[in-house]
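Each chain, letter by letter, is given below.
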Amino acid sequence: MYLRFKDGKDKALTLSYDDGPVFDKQLIEIMDKYGLKGTFNINTGLYYPENEKREKYDGRMKLSEAKELYINSGHEVAVHTLTHPFLEELDYSEVIYEIMEDRKNIERDYKTVARGMAYPFGTYSASTVDILKMCGIEYSRTTKSSHNFKLPENWLLLNPTCHHNDPDLMELAKNFAENKSSWGAPRMFFLWGHSFEFARRDNWNIIEDFARYIGGRNDIWYATNIEIYDYVQAYKSLKTSCDKKIIYNPSAMDVWVYTNNETIKIKSGETFYCK
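These figures come from a predicted structure and were not determined experimentally.

A. Looking closely at the sheet that holds strand β14 (residues 271-273). Reading across from one edge, β10-β11-β14 is the order of the three strands in this open sheet, with antiparallel pairing throughout. Looking along the sheet, the strands with just one partner apiece sit at the ends: β10 (239-240) and β14. Where strand β11 (residues 246-248) meets β14, three bridges bridge the pair, whose relative direction is antiparallel. Its bridge partner being in β14, Y248 is matched across the sheet by T271.

B. Up close: the nonpolar core. Residues L13, Y70, F189, I207 and F210 are the most contacted members of the largest nonpolar core, which totals 51 residues. Ignoring anything within four residues of it in the chain, the contact list for F189 reads A12, L13, T14, F149, T161, C162, L169, L172, A173, F176 and F210.

C. The arrangement of helix α7 (residues 204-214) in detail. When α7 is considered as a whole, its buried residues turn out to be W204, I207, E208, F210, A211 and I214. One face of α7 carries all of its buried residues, which in axial projection span an arc of 165°. Tucked into the core, α7 has its buried residues touching β2 (11-19), α1 (24-34), α5 (169-178), β8 (187-193), α6 (195-201) and β9 (220-222). G216, located one to two residues past α7, shows a positive phi value of around 70°.

D. Region of the structure containing the environment of T143. Structurally, T143 is set in the loop between β6 (139-141) and β7 (162-163). You can call T143 partly exposed: its relative accessible area is 27%. Distance from T143 to T123, taken between C-alpha atoms, is 8.1 Å for residues 20 residues apart in sequence. Apart from the residues within four sequence positions on either side, T143 is in contact with F121, G122, P160 and W192.

E. Spotlight on the pairing of strand β3 (residues 38-42). A large share of β3 lies buried, amounting to five of its five residues. By the alternation rule, side chains of β3 split into G38, F40 and I42 and T39 and N41, which are all buried. Across five bridges, the pairing between β2 and β3 is parallel. The partner of D18 across the bridge, within β3, is N41. Two strands pair when backbone bridges link them, and β3 and strand β4 (residues 76-79) are joined in this way by four bridges, in the parallel orientation. Along β4, the bridge assignment pairs F40 with V77. At this point the chain moves from β3, through helix α2 (residues 63-70), to the parallel β4, and the crossover so formed is right-handed.

F. Representation of unusual backbone geometry in the model. Positive phi, close to 65°, is recorded for N72, a residue that is not glycine. Structurally, N72 can be placed in the loop between α2 and β4. Non-glycine residue N261 carries a positive phi angle of around 65°. Mapped onto the elements of the fold, N261 is located in the loop between β12 (255-259) and β13 (262-266).

G. Quick peek at the packing of aromatic side chains. The final tally for this structure, using the stated rule, is 16 aromatic pairs. With a centroid separation of 4.8 Å and 35° between ring planes, the pair formed by Y119 and Y124 is classed as tilted. The interplanar angle of 40° and the centroid separation of 6.4 Å between the aromatic rings of Y139 and Y229 together place this pair among those described as tilted. Of this pair, Y139 sits in strand β6 while Y229 sits in helix α8 (residues 225-236), and the two are 90 residues apart along the sequence. Look at Y139 and you get buried, because its relative accessible area is 1%. Over the ring of F176 we find K11, and its NZ or CZ is 5.7 Å from the ring centre. Over the ring of Y213 we find R217; its NZ or CZ atom is 4.6 Å from the centre of that ring.

The rules we used
- Residues numbered from 1 in each chain as written.
- Predicted model: local features only at pLDDT ≥ 70, side-chain atom pairs only at ≥ 80, totals over all residues.
- Heavy atoms only, no water.
- Pairing = 2+ DSSP bridges.
- Helix = DSSP H or I, 4+ residues; strand = E, 2+ residues; numbered from the N terminus.
- Core = buried A, V, L, I, M, F, W, Y, C linked by side-chain atoms within 4.5 Å.
- Buried < 20%, exposed > 50% of the residue type's maximum accessible area, 1.4 Å probe, protein only.
- Contact = heavy atoms within 4.5 Å.
- Arc of directions from axis to C-beta.
- Right-handed = clockwise from strand over helix to strand, strands pointing away.
- Phe/Tyr/Trp six-rings, centres within 6.5 Å; stacked < 30°, edge-to-face > 60°.
- Lys NZ or Arg CZ within 6 Å of the ring centre and 35° of its normal.

Put into structure tokens, the structure is as follows:
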């Protein structure tokens, strides 16, 4: 029995972009144009001063700008710590403060329950991961490219497929779009970066070309990081008989599975009897 994503699709695609720069506005316009979805990890202690005039269109957003952009956008806002430190260099209490203050600010300002995160600089220690669990963080993205489409074994050490400047980006995209797992396992493409990189390198064409190619496909579920995480947890909560002929879904979410050479939908609260 294999996981299938929403509506029985065997592929999911998500983006993860950090820091909350003003260029997230242009990135979201491109994502929305091609139907992509993702997560924006922000440092709520580093907004551009609200009453200060911006000298040039650069840097981080003001809180008012960020709220206008992200709220009701369909994209996720997630934790990136309060001030973007190297977490492994801080003591226990400082790590807790950085995570919890950022989480509380996000929840207050964006009216959401913040359960996801991206590590600042992509760095962490074993104790950092333990602290995340206590702070209510359920997944956290690293910066280590996996160059594959496997679902993570440990969601608190979530390695993305690649950065958008990876020279193999379009080759990976074509592999993802045109092929399926020979063993029937699901596939997830996870792209990350910073929108200011497009502006500073004048290469917006990279994300535009990627989005144009990968977007609008009927066999891909376009979702935020937390939507994929929640769906996978719902799949993992399924209860089965020894022979996999009886499947019970105790979750509040409909789940699709591939079993006996067919894709079936198991509704929330349903017990499904396979042929």
